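Survey of secondary and tertiary structure
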Amino acid sequence: MANPQSEAHGSSRDREIVAARVIVTCPGRNFVTLKIETRSGVFGAGDATLNGRELAVAAYLEHHVIPNLIGRDAGRIEDTWQFFYRGAYWRRGPVTMTAIAAVDVALWDILGKMAAMPLYRLLGGRSRDGVLVYGHANGRDIEEATAEVGRYISLGYRAVRAQCGVPGLKKPYGVSRLKDAYEPAESELPLETEWSTPGYLEIVPKLFARLRAEHGNEVELLHDAHHRLMPVEAARLARDLEPHRLFWLEDATPADNPDGFELIRRHSVTPLAVGEVFNSIWDSKRLIEGRLIDFIRSTIVHAGGITHVRRIADLAAMYQVRTGFHGATDLSPVTMGAALHFDTWAPNFGIQEYMRHCEQTDEVFPHDYLFRDGRLHCGESPGHGVSIDEKLAARFPYSPKQLPIARLEDGSMWDW
Ligand code: CS2
Ligand code: MG
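These notes cover the structure that comes with them.

Basis of the calculations
Residues numbered from 1 in each chain as written. Chains lettered and ligands numbered in written order. Predicted model: local features only at pLDDT ≥ 70, side-chain atom pairs only at ≥ 80, totals over all residues. Heavy atoms only, no water. Donors = N, O, S within 2.8 Å, 3.2 Å for Na, K, Ca; no water. Helix = DSSP H or I, 4+ residues; strand = E, 2+ residues; numbered from the N terminus. Buried < 20%, exposed > 50% of the residue type's maximum accessible area, 1.4 Å probe, protein only. Pairing = 2+ DSSP bridges. Phe/Tyr/Trp six-rings, centres within 6.5 Å; stacked < 30°, edge-to-face > 60°. Lys NZ or Arg CZ within 6 Å of the ring centre and 35° of its normal. Near = heavy atom within 4 Å. Polar contact = N/O pair within 3.5 Å; in protein donor to acceptor, adjacent residues only side chain to side chain. Areas by Shrake-Rupley, 256 points an atom, 1.4 Å probe, with all protein chains shown as cover. 1 Å grid on protein atoms, 1.4 Å probe; cavity = no way out; pocket = protein on both sides within 12 Å on 5 of 7 lines; lining within 4 Å. Sits in = over half its atoms within 2 Å of the grid points. Nonpolar A, V, L, I, M, F, W, Y, C, P; charged D, E, K, R; others polar.

So, the coordination of the magnesium ion (ligand 2)
The magnesium ion (ligand 2) binds to the protein through Asp 224 (OD), Glu 250 (OE) and Glu 276 (OE); the donor distances cover 2.0 to 2.3 Å. All donors of the magnesium ion (ligand 2) belong to a single chain; written as a sequence motif, their spacing is D-x25-E-x25-E. Taken together, the positions of Asp 224 in strand β7 (residues 220-224) and Glu 276 in the loop between β9 (272-274) and α10 (281-289) put the pair 52 residues apart, joining distant regions of the chain. As far as burial versus exposure is concerned, Asp 224 and Glu 276 are alike and both buried.

Focus: the sheet that holds strand β16 (residues 413-414)
Strand pairing in a sheet relies on backbone hydrogen bonds. The paired strands run either parallel or antiparallel. The three strands lie next to each other as β6-β15-β16, forming an open sheet whose pairing is mixed. In the strand order of this sheet, the two ends are held by β6 (192-195) and β16, each with one partner. Pairing geometry for β6 and strand β15 (residues 405-408), over four bridges, is parallel. The residue bridging Trp 195 from the neighbouring strand is Leu 408, located in β15.

With respect to the pairing of strand β1 (residues 17-25)
Within a regular strand, the side chains alternate between the two sheet faces. Note: β1 against strand β2 (residues 31-38), eight bridges, orientation antiparallel. Residue pairing across strands places Ile 17 opposite Thr 38, the latter belonging to β2. The turn linking β1 back onto β2 is made up of five residues, and Gly 28 within it adopts a positive phi angle of 95°.

Considering the packing of aromatic side chains
Per the stated rule, a full pass over the model turns up 15 aromatic pairs. For the ring pair Tyr 152 and Tyr 157, a centre distance of 5.0 Å and an interplane angle of 65° mean the geometry is edge-to-face. By relative accessible area, Tyr 157 is classed as buried at 3%. Above the face of the Phe 83 ring, Arg 72 is positioned so that its terminal group lies 4.9 Å from the ring centre.

Considering the site of ligand 1
Around ligand 1, the surrounding shell holds 15 residues, and the nearest of these are Asn 51, His 226, Glu 250, Glu 276 and Glu 353. Contact between ligand 1 and Asp 330: an oxygen atom at 3.0 Å from a side-chain N or O atom of the residue. Within the side chain of Glu 353, a nitrogen or oxygen atom sits 2.4 Å from an oxygen atom of ligand 1. Isolated, ligand 1 exposes 340 Å² of accessible area, and the fraction of that covered by the protein chains is 96%. Among the detected pockets, ligand 1 sits in the largest pocket. Partitioned by chemical class, the residues of the shell around ligand 1 number four nonpolar, four polar and seven charged.

Below you can see the structure in the form of structure tokens.
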């Protein structure tokens, strides 16, 4: 007699993977999507977008992943994860873990569709009605940034990230002419931008003093230092920002060496967030276990998918560290959809970044999540609720782009 459980989710024959393909498309910006199909005709979509390195992940999937997928049981999600993680030999790294993430998310999507359940229910059910999100306000100077924060508040956001220009610096990080969708990878070869820390350390505390004076204490304010400060500079900025009660200061110093966060912690109680460039639990273990951070930003598309990020979230929960997933426009709506289901379940959810995609992107990736009252709400469709219109996607060919680089005034390479 067949195992009733397997019948509930289709037979293993139904779950056999019969096809998988990589779709590279550029509706407003480049995205890479993996689509996996089972013998029963159910398909799943996984995001494989790595900004500026898209074709590396597409090639990894096409040459080293897809040949191993055909014939596998789509329901063996954990075993498939272990196969591609341990089986790679050369484990971890952003390209490998983004490719594994795409497979993992596509398989969870298939499982949800076969079980006729939205992803959050497969994870353990709802822990909250809506998912608190933050938007990106930026301005060339303090006044423009202050007005932009006001615009986001009027749109219903309860939390806003604020960035502003630094006098004398052309093209500082996070300041964009496009007010809603900010896309840093603008050129085929990296754009050279200039950085100067003293001017930045001067203006950021003034920006947040102005924001609190103008918008009061209720709105949650966030800021991204984007890996640019030395630990002692980060400690000074975190201390100078304390009177303005930030929800978090992000990427205050490069986290390659987590010890830098010990110095920041000794000087400030401004909450710290890090992890959007991490791709495995091992990158964040010391920071979490040492309580050196308050939010972990590693997200589903770059940290090995739902199967691995769930392990990171569970480790974080043991140390009162909350999630704060990366959610820039260079992560596709597939990631946003999967992340929202994860956020809806995660007991130690903190906040979700939400940079709105442009209209073209939304048309190529139909989805059922929606923004209401400062929160995002995942849908009730089976799986993660996001699909890809392949015909429309074919109209937007890949456009080679890379992220900028930063140099100091004397020409030294710096962190962008
Ligand atoms: C930024 C990102 O949203 C953020 O917090 O750090 O926009 C980052 O610059 C991009 O994802 C890089 O592609
Ligand atoms: Mg960031």
